[in-house]
Amino acid sequence: MMNHWEEKELQEIGEIVTGNTPAKINKAYYQDGSIDFIKPSDIQYRVIETFSEKLSESSRNVARLVPSGAVLVTCIGEIGRVGLTNHEVAFNQQINGIIPNNQINSRFLFYRLQLEKKQLESKSSATTVSILNKSKFSTIKITFPKEKDMQEKIVEAIETQFTRLDAAIKSLKAIKDKLELYRKSVLKEAFSVRNLTDCEIKKLGYFERKGGGTPSTKVKKYWGGNINWITSASINDKNNITFEKKITALGLKNSAANLVPKGSVIVVTRVGLGKVAVNEEPTAFSQDNQGIICKDINPYFLMWQIKSAANEIIGQGQGTTISGITVNKLNLIEVKVPDLDTQAEIVNLIESRLSVIDNLEKVIYGSFRKSKILRNSILKSAFEGKLVN
């Protein structure tokens, strides 16, 4: 079958158009927009349905427009992302478009170019930001069946396989969403009144607490020491801390930062409001965090209880640009404090159930990664003539 395929440059099978950006100084071009204006972030290997911006009809004579069925390819920065238009659109100068002629099916070209990322990258300029200009882009070569009927059969076979794959991915996403709901229910159940009857209730303000700060980044001798220092970004959604920066004793002394001992609970109170973790090493931290020193409470019990109250913490956040909770409001949050044996039992219960969820999520994420590999494998088989007899 491959004997009936031919190889041609893109400029031979369509009109090549490089996008542009109508002058921002002319506000009329961007008012009451009706023309979708595509940027690289809108191009994600599918029919393009999200649009960063719109242009007005008054921009029509200066913008670069392509009709439905055009194939758009990112050619600056991340080279080689491909999208397909389903209506007339404009696009910026980081994108080259192909308006296919009667030799090639537009959907066939859309799928075919997804396998040409390496060829596209090899023709780009080796500058700080990769650029594939129009002249080099035009010389990209692809192979395709001479008969358009065969092109259409290949597209149909690809889309049949992709439909099945997409259905499987949709099911995996639904399972992932249910696991997230189950994760929240584990914490809710663990700290329910039923599990913690007749226990003491204390406010967070009862526990010794330390605020954070940032040593001046202009003073080199404050940085590069042996004291761990973290920001809110150092704590992830799974309550883990990544230690990336260290400060000196001088930096600690000459800033609002405080050092809390191992086994303290660090609560994010500004950027990333609601994240919480237990430190496995003595740690200092930025002003976006508060450290709770756990002398008479299991730190993991306190961490999980604060995590279960995350919605309450986030709900009390205030601020326009960056939401944050004040120390006074944080101090008023109530926690249940049973005896230490009960605390340990609840921690074990939570962590055993969450570990099951974590393992299932790893399987799901692994399946997502495999689905991307499978998608490329389907395309490769299609363009080697293996999907259609």
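Bear in mind that the values here come from a model prediction, so they are computed numbers and not experimental data.

Chemist: Whenever I open this one, the packing of aromatic side chains confuses me. Can you help?
Modeler: Think of a pair of aromatic rings as described by two things: how far the centres are apart, and how the planes are tilted against each other in angle. If you walk through the whole model with that rule in mind, you get 8 aromatic pairs. Centroid distance Trp223 to Trp229: 5.1 Å. Interplanar angle 90°. Geometry classified as edge-to-face. On the basis of relative accessibility, which here comes to 4%, the residue Trp229 falls in the buried class. One aromatic cluster in this structure is built from Trp5, Phe108 and Phe383. Taking NZ or CZ as reference, Arg112 lies 5.2 Å from the ring centre of Phe383, over its face.

Chemist: I tried to follow the packing of helix H5 (residues 148-190) against helix H10 (residues 340-382) on my own but got confused; where do I start?
Modeler: Contact pair H5 / H10: the axes reach a minimum separation of 10 Å and the direction vectors enclose 170°. Classified by the angle their axes make, H5 and H10 are roughly antiparallel. Its residues placed into classes, the contact of H5 with H10 shows 24 nonpolar, 3 polar and 10 charged.

Chemist: Teacher, can you tell me more about unusual backbone geometry here?
Modeler: Peptide bonds are mostly trans, and most non-glycine residues show a negative phi. Despite not being glycine, Asp32 has its phi angle at roughly 50°, a positive value. For Asp32, the location among the structural elements is in the loop between strand E2 (14-18) and strand E3 (35-38). Owing to a relative accessible area of 75%, Asp32 belongs among the exposed residues under this scheme. Residues other than glycine seldom take positive phi values, yet Asn239 does so here, at roughly 70°. Within the secondary structure, Asn239 sits in the loop between strand E13 (223-230) and strand E14 (245-247). By relative accessible area, Asn239 is classed as buried at 10%.

Chemist: Where do I start with the pattern of salt bridges in this structure?
Modeler: Two side chains with opposite charge may pair up if their charged atoms get near one another. Inspection of the entire model under this criterion finds 21 salt bridges. Residues Glu159 and Arg107 are paired through a salt bridge, measuring 2.7 Å at the closest nitrogen-oxygen approach. Linking Glu159 in helix H5 with Arg107 in helix H2 (residues 106-113), this pair joins segments that are 52 residues apart in sequence. Overall, Glu159 belongs to the partly exposed group, its relative accessible area being 24%. Between Lys117 and Glu121 there is a salt bridge, and its shortest N-O distance comes to 3.7 Å. Of the two residues, Lys117 and Glu121 both sit in helix H3 (residues 117-122), 4 residues apart, roughly one turn of that helix. Salt bridges here are not isolated pairs; linked through shared partners, they connect Glu180, Arg183, Lys238, Asp358 and Glu361.

Chemist: How should the sheet that holds E13 be read in this particular structure?
Modeler: Within a beta sheet, neighbouring strands are joined by backbone hydrogen bonds and run either parallel or antiparallel to one another. As summarised here, the arrangement of the 4 strands in space is E14-E13-E18-E15, forming an open sheet in which the pairing is mixed. Among the strands making up the open sheet, the edge pair consists of E14 and strand E15 (259-260). Judged from the 2 bridges that link them, E15 and strand E18 (residues 283-285) form a sheet pairing that is antiparallel. When the bridges of E18 are listed, Val260 appears paired with Thr283.

Chemist: Is there a simple way to think about the sheet that holds strand E12 (residues 209-211) in this case?
Modeler: With antiparallel pairing, the 4 strands of this open sheet are ordered in space as E12-E19-E16-E17. Two strands in the sheet have a free side with no partner beyond their single neighbour: E12 and strand E17 (276-278). Averaged over all neighbouring strand pairs, the angle between strand axes comes to 20°, with direction disregarded. Sheet topology places strand E16 (residues 265-268) next to E17; 3 bridges connect them, and they run antiparallel. For Val265, the partnering residue across the bridge sits in E17 and is Val278. On the sheet, helix H7 (residues 299-308) packs against E16, E17 and strand E19 (289-292) and is oriented at approximately 175° with respect to E17.

Chemist: Can you help me understand H2 in this one?
Modeler: Each turn of an α-helix holds 3.6 residues, which means side chains three or four residues apart point in the same direction. Counting buried residues along H2, 6 of its 8 residues qualify, which places the element largely inside the surrounding structure. By the burial criterion, the buried members of H2 are Phe108, Leu109, Phe110, Tyr111, Arg112 and Leu113. With a side-chain oxygen positioned 2.8 Å from the backbone nitrogen of Arg107, the residue opening H2 is Asn105.

Chemist: When you look at the packing of H7 against H10 in this model, what are you seeing that I'm missing?
Modeler: The relative placement of two packed helices is expressed as an angle between their axes plus a distance between the axes. One can describe the packing of H7 onto H10 by two numbers: an axis separation of 9 Å at closest approach and a directional angle of 60°. By the angle between their axes, H7 is oblique relative to H10. Considering how the two elements wind past one another, H7 and H10 form a crossing that is left-handed. Residue-level contacts link Tyr300, Phe301 and Trp304 of H7 to Gln343, Ile346, Val347, Ile350, Glu351 and Leu354 of H10. Looking at the contact of H7 with H10 residue by residue, the class counts come to 7 nonpolar, 1 polar and 1 charged.

Conventions and cut-offs
Residues numbered from 1 in each chain as written. Predicted model: local features only at pLDDT ≥ 70, side-chain atom pairs only at ≥ 80, totals over all residues. Heavy atoms only, no water. Phe/Tyr/Trp six-rings, centres within 6.5 Å; stacked < 30°, edge-to-face > 60°. Buried < 20%, exposed > 50% of the residue type's maximum accessible area, 1.4 Å probe, protein only. Lys NZ or Arg CZ within 6 Å of the ring centre and 35° of its normal. Axes fitted to C-alpha atoms, helices over the stretch in contact; angles between N-to-C directions. Helix = DSSP H or I, 4+ residues; strand = E, 2+ residues; numbered from the N terminus. Parallel < 35°, antiparallel > 145°, perpendicular 65-115°, else oblique. Nonpolar A, V, L, I, M, F, W, Y, C, P; charged D, E, K, R; others polar. Salt bridge = Lys/Arg side-chain N within 4 Å of Asp/Glu carboxyl O. Pairing = 2+ DSSP bridges. Contact = heavy atoms within 4.5 Å. Polar contact = N/O pair within 3.5 Å; in protein donor to acceptor, adjacent residues only side chain to side chain. Left-handed = near helix turned anticlockwise from the far one by under 90°.

Everything listed is a geometric property; what it means functionally is a separate question.
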